[in-house]
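# A structural walkthrough
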Amino acid sequence: MKRPSDPGDLAGPRAGRAEDEPSEIAEVFRQPVVLLAPPPGAFDAVRRRARSVRRRRALALGTAVAGCVAAGAFLVPVPGGGGGVSTVRPAAPPVSGLPSGEGGTATAAPAPSGTTGSPSVRPSTASDASPSSPSSTSVSQVTGCRSAQLKIAFGGSQGAAGSVERVLVFVNSGPRSCTLYGFPGVSLADGAEGRQIGNPAQRTGGPGKAVLLPSGGSAEALLRMAQVENYDQKACDPQKARGLRVYPPDERDALFLPDEPLLGCAATGVSTLSVTAVHGPAPH
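Please read all numbers here as calculations on a predicted model, not as lab measurements.

Scoring rules and cut-offs
Residues numbered from 1 in each chain as written. Predicted model: local features only at pLDDT ≥ 70, side-chain atom pairs only at ≥ 80, totals over all residues. Heavy atoms only, no water. Helix = DSSP H or I, 4+ residues; strand = E, 2+ residues; numbered from the N terminus. Buried < 20%, exposed > 50% of the residue type's maximum accessible area, 1.4 Å probe, protein only. Contact = heavy atoms within 4.5 Å. Areas by Shrake-Rupley, 256 points an atom, 1.4 Å probe, with all protein chains shown as cover. Pairing = 2+ DSSP bridges. 1 Å grid on protein atoms, 1.4 Å probe; cavity = no way out; pocket = protein on both sides within 12 Å on 5 of 7 lines; lining within 4 Å. Points joined across faces, edges and corners; volume = space filled by probe spheres on them. Nonpolar A, V, L, I, M, F, W, Y, C, P; charged D, E, K, R; others polar. Salt bridge = Lys/Arg side-chain N within 4 Å of Asp/Glu carboxyl O. Patch = residues over 30% accessible without salt bridge, like charges linked within 9 Å, V, L, I, M, F, W, Y side chains within 5 Å. Lys, Arg positive; Asp, Glu negative; His and termini not counted. Charge placed at Lys NZ, Arg CZ, Asp CG, Glu CD. Core = buried A, V, L, I, M, F, W, Y, C linked by side-chain atoms within 4.5 Å. Disulfide = S-S within 2.5 Å.

## Here we look at the overall build of the protein chain
Secondary structure assignment for the protein chain yields four helices and 13 strands. Within the protein chain, the fraction of its 284 residues that count as buried is 30%. Considering only residue pairs separated by 6 or more positions, the protein chain has 70% of its internal contacts joining residues 24 or more positions apart. Carbon and sulfur atoms provide 58% of the accessible area of the protein chain, an area that totals close to 18,000 Å².

## Describing the sheet that holds strand S4 (residues 163-172)
What links the strands of a sheet is backbone hydrogen bonding, and the strands pair in either a parallel or an antiparallel sense. Reading across the sheet, the five strands line up as S3-S4-S10-S13-S8 and stay open at both edges, with mixed pairing between neighbours. In this open sheet, the two strands that pair with only one neighbour each are strand S3 (150-160) and strand S8 (202-203). Across nine bridges, the pairing between S4 and strand S10 (residues 218-226) is antiparallel. From the neighbouring strand, Val-171 faces S10, where its bridge partner is Ser-218.

## Examining unusual backbone geometry
The residue after Glu-260, namely Pro-261, is reached through a cis peptide bond having omega -5 degrees. Mapped onto the elements, Pro-261 comes out in strand S12 (residues 255-265). Even without being a glycine, Asp-237 presents a positive backbone phi close to 55 degrees. Here the phi dihedral of Asp-250 falls at roughly 65 degrees; this positive angle occurs in a residue that is not glycine. Take Asp-250: it is sitting in the loop between strand S11 (238-247) and S12.

## Remarks on empty space enclosed by the protein
For the structure on display, the rule yields one cavity of 30 Å³ or more. Approximately 30 Å³ is the volume found for the largest cavity. When the residues that make up the lining of the largest cavity are grouped by side-chain class, the tally is four nonpolar, four polar and no charged.

## A short note on the pattern of salt bridges
Counted by the stated rule, this structure contains four salt bridges. Residues Glu-251 and Arg-146 are paired through a salt bridge, measuring 3.5 Å at the closest nitrogen-oxygen approach. Separated by 105 residues along the polypeptide, Glu-251 in the loop between S11 and S12 and Arg-146 in the loop between strand S2 (85-87) and S3 bring together distant segments of the chain.

## Overview of a positive patch on the surface
Side chains of Arg-48, Arg-49, Arg-51, Arg-54, Arg-55, Arg-56 and Arg-57 sit close together on the surface and give a patch of like positive charge. In this structure, Arg-54 sits in helix H3 (residues 42-72).

## A closer look at the side chain of Ser-274
Note on placement: Ser-274 falls in strand S13 (residues 273-275). Look past the residues within four positions of Ser-274 in its chain and what remains in contact with it is Ala-201, Gln-202, Thr-204, Leu-222, Leu-223 and Arg-224.

## What to know about the nonpolar core
Ranked by size, the top nonpolar core spans 27 residues in total, and within it Phe-170, Leu-180, Val-186, Leu-188, Leu-213, Leu-223 and Leu-244 carry the most contacts. Residues in contact with Leu-180, not counting those within four places in the same chain, are Cys-145, Leu-150, Phe-170, Lys-209, Ala-210, Val-211, Leu-213, Ala-219, Pro-249 and Val-278.

## Quick word on the state of the cysteines
Enumeration over the complete set of coordinates arrives at two disulfides. One disulfide bridge connects Cys-145 with Cys-178, the sulfur atoms lying 1.9 Å from each other. Between Cys-145 and Cys-178, the S-S dihedral sits near 85 degrees, and the bridge is therefore right-handed. Taken together, the positions of Cys-145 in the loop between S2 and S3 and Cys-178 in strand S5 (residues 178-180) put the pair 33 residues apart, joining distant regions of the chain. An identical accessibility class is assigned to Cys-145 and Cys-178; each is buried. The disulfide that involves Cys-236 links it to Cys-265, with 1.9 Å between the sulfurs. Looking along the S-S bond of the Cys-236-Cys-265 disulfide, the torsion reads about -95 degrees, which is the left-handed sense. Here the residue Cys-236 occupies a position in helix H4 (residues 233-236), and Cys-265 occupies one in strand S12, the gap between them amounting to 29 residues. Once the bonded cysteines of the protein chain are numbered in order along the sequence, the disulfide links fall as 1-2, 3-4.

Next up, the structure:
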């Protein structure tokens, strides 16, 4: 029997026909590649998204710049201060009674004390003013008036229903300007160093404004004195007084204002005096 000399002969004619038959997979890969066109409006959508991103970035940058500018508006260079910066603060309320040529403002804390004969709180001020002319004095340098630099006197007076109203005048006798703010403490006394008679004056009205007193300037407070004869004598316990003991606002050294004859109720259950806060002098 004859053996085939070539393995290919084993396949015979069928193997040759298999090589010539077309393959479906080969036909698929032989097809030309066709690039699909993008859908209509695709490039316009991309451009719109890009513009939107740029607008958001520009808006965020503008907001940041505006915030920095607004924050920087509250910082100003300090003249002669070594190149530093200082925060701009709101101006304090104006001081009434400001004389011509004295500019500026002063602040005051309306917290008068309520103890017997005790003064009210002095406005917050800086150090004593330098001995310069009034036109160059800054209100921020003016301190509260001290008892030692004040003189006190009666101003005008007038009768009211069952009482008498008298004006207390505070005069700055010192060489420098000073301020008065709040209520004075007023009571009847039987002498400059004598005992107090009855209750101190009750406070009426609001605390008012700080009053600037230049050297020789003045401020006023209105004192109302009820007539002792209108009270029951047993409930009042009337006693004679030789004058008024007056504490300027925020001072613990009293001034004595002689005035005779005066009658007051020594009984603590009766109050015959009332006083307003200091204010600028009334126009004449």
